[in-house]
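# A look at the structure
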Amino acid sequence: MLDILNRRADFLAAARAVRHTRPGLLFQARRRAEAEGVAPERLRVGFTCSKKVGNAVARNRAKRRLREVARLELSANGLAGWDYVLIGRPGATAARPFEDLRADLVSALRATHRPDRPSARPSDPPSGRPAEGTAPQNTVVPRRQS
RNA sequence: GCGGACGGCCGGACGACCGCGGCAUGCGAGUGUCGAGGAAAGUCCGGGCUCCAGGGAGAAAUGGCGGCGGGUAACGCCCGCCCGGGGUAACCCGAGGGAAAGCGCCACAGAGAGGAGACCGCCGUCCCGGCGGCUCACGGACCGCGAGGUCCAUGGGAUGGCAUGGGACGGCAAGGGUGAAAGGGUGGGGUAAGAGCCCACCGCGCUGGCGGCAACGUCGGCGGCAUGGCAAGCCCCGCCAGGAGCAAGGCCAAAUAGGGAUCGCGCGGGGCUUGUCCCCAGGGCUUCUCCCGCCCGAGCGAUCCGGGUUGGCUGCUGGAAUCCGUCGGCAACGGCGGAUCGAGAGGAAUGGUCGUCGGCGGUUUUUUGCCGCCACAGGACCCGGCUUACAGGCCGUCCGCACCC
RNA sequence: GCGGGUAUGGUGUAGUGGUAGCGCCUCAGCUUCCCAAGCUGAUAGUGCGGGUUCGAUUCCCGCUACCCGCU
């Protein structure tokens, strides 16, 4: 089951971790630290849209489509112990055909959890990004959930 | 039929599968039920509600409003009417009090921009000229015997004349010209020329009658031009307004100190006639003043509460509600009766994939077919308004023009 | 939820109701062997829609965009 993310700190932490850009959405993912007190089998997801997406109707519609896509894909293919954040993009999130939007999420998930990609391990960012304050997940190599 | 004015309404429908939020029920799986708008928006006004401020009166400051009457809980909203402006009309628009309380501004142009002014111009008097007459003197020519007459030239004089030139002094403000605006307008009389100088009408001011609750209208009398415009410049007049906002506010639990509250005892300076005396007080309680009332002022004791943080409950939706009928009212609206309950979340619920129909656009000679698209926009304490956004469509009333009967 | 402010050439900014200025940038010319600098000149602007006024960047109303407070 999906837990909904609503604390600002969780969003900020996810924003400092893995990011992927897809035409229909921005994707962020972070493996939680054990010390955070959240049960490790939980999988959490957050949705957000900035004012650039549009007025309240446009933002709500983008978040609903992201929610539906997360319901279909993330509950099946997401990893326990991770936080995911899905961010709406102006125009595209609401206008993109649904199957394309769904494929965007699948693609981002695969890019995040592929073991041979450095970007899957935020522990050693090649671009010299400042290291994250919460270190424990840096040593864990993500693996596919069975 | 075409064009136009005004008012009101709808703003996709039905269905399938997988999902979402609240409530009820169930041990549970689940089941049942309800689930965004006309603007929910902007936050521009007005209220309810809650807390804060001791009560009353006045003032100041600040902000707002501004024809009159009505409606309303109230309003800057609505209705009706008046006045002014626009339109052939239906109808539309108007921050629509005061400019003789005061201050300020009116660029440029123009002579002059506010108790104004004289550039061109008009008129009078005088002076210097011009023209044509009159008259005198002298000269010449001609006619006549003569007295004399006629004509020409020069010079002088006086008075009057002119479609006449220039100047000085004075009168005038009609006309030209400048300007957004030139110190009432039109016409006539009058005059040297003119002018409210006089007269008529209009406008303006004062005043009386009548109609109207009133704004105002209308009829008459008087005055005789005095009062330019701007107050969405300062300002004056009248009216209105205490502050904060549901993250208001209330309750509970966890957690516990340096502060706070209540009660009891107690309390300033000066004067002498030493008294249960008199006088003066200080500070606080809405920016100030006044009146009333209250408290503090100095410590001690007792009792109670408790900062910050986190969570839960409540406020929370039945209300100036909506609909129908009826009565009063031109209307806004109000009275009465009946029926109905239609989101209450707490980072926030309506989505995805389709089907049929509807609408719009494109393609097509047309039909069919195919393709694309579905206005503005999402409750967060609740109401009444205003403003702004809005694909497409529906209904009603009225006006103008053309045609037919 | 409650309030406040700003909008002026491409850019940064002045501006008493009366022709909207200035610096940088851009362009052209001069200067130089060439460039830079310098000199001369030019282009280009009041966010939008109404209203008041003879006249609005200025005053008033309504929108739009951006920014900033408080809770």
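Residues numbered from 1 in each chain as written. Chains lettered and ligands numbered in written order. Predicted model: local features only at pLDDT ≥ 70, side-chain atom pairs only at ≥ 80, totals over all residues. Heavy atoms only, no water.

Here is the rule we go by: UniProt positions are given in the numbering used here, feature names are shortened, and annotations may be inferred rather than shown by experiment.
As recorded by an unreviewed UniProt entry, chain A carries the name Ribonuclease P protein component and is attributed to Amaricoccus macauensis. UniProt, in the comment section headed Function (unreviewed entry), describes chain A in these words: "RNaseP catalyzes the removal of the 5'-leader sequence from pre-tRNA to produce the mature 5'-terminus. It can also cleave other RNA substrates such as 4.5S RNA. The protein component plays an auxiliary but essential role in vivo by binding to the 5'-leader sequence and broadening the substrate specificity of the ribozyme." The UniProt entry for chain A carries the following comment under Sequence similarities (unreviewed entry): "Belongs to the RnpA family."

## Some words on helix 4 (residues 98-113)
In plain terms, the rule: Each helix corresponds to a stretch of at least 4 residues labelled H or I by DSSP, and each strand to a stretch of at least 2 residues labelled E; elements are numbered beginning at the N terminus. Expected span, for any helix, means 1.5 Å times one less than how many residues it has. In this scheme, a residue with accessible area under 20% of its type's maximum is buried, one over 50% is exposed, and one in between is partly exposed, where area comes from a 1.4 Å probe on protein chains only. Contacts were defined at the residue level, with two residues in contact if any of their heavy atoms lie within 4.5 Å.
When the terminal C-alpha atoms of helix 4 are compared, their 23 Å separation across 16 residues agrees well with the 22 Å that a helix rising 1.5 Å per residue should span. Three or more residues of helix 4 are buried, namely L101, D104, L105, V106, A108, L109, A111, T112 and H113. Contacts from the buried residues of helix 4 go to strand 2 (18-22), strand 3 (25-31), helix 2 (56-77), strand 5 (82-88) and helix 3 (92-95).

## Concerning the protein's contact with RNA strand B
The condition is simple: Here a residue is considered near a molecule or strand provided that any single heavy atom belonging to it is located within 4 Å of it. Throughout this description, a polar contact denotes any pair of N or O atoms lying within 3.5 Å of each other; where both atoms belong to protein, one of them has to be capable of donating a hydrogen while the other can accept it, and for residues adjacent in sequence the pair is counted only when both atoms sit in side chains. Amino acid classes used here: Ala, Val, Leu, Ile, Met, Phe, Trp, Tyr, Cys and Pro are nonpolar; Asp, Glu, Lys and Arg are charged; the rest, including Gly, are polar.
Around RNA strand B there are 13 residues in total, and N55, R61, R64, R71 and F98 lie nearest to it. A share of 78% of the atoms of RNA strand B within 4 Å of the protein falls on sugar and phosphate groups. Measuring from a phosphate oxygen of RNA strand B, one finds a side-chain N or O atom of R61 at 2.6 Å. By residue number, the principal contributor to the surface near RNA strand B is helix 2, which donates 9 residues. When grouped by side-chain class, the residues that make up the surface near RNA strand B number 4 nonpolar, 3 polar and 6 charged.

## Section: the side chain of T93
Assignment of secondary structure puts T93 in helix 3. Exposure remark for T93: the relative accessible area of 0% places this residue in the buried category. A polar contact of 2.6 Å, which involves the side chain of T93, links it to the backbone oxygen of G24. A polar contact is formed between the side chain of T93 and the backbone nitrogen of R89, at a distance of 2.7 Å. Apart from the residues within four sequence positions on either side, T93 is in contact with G24, L25, A62, R65, L66, G88 and L101.

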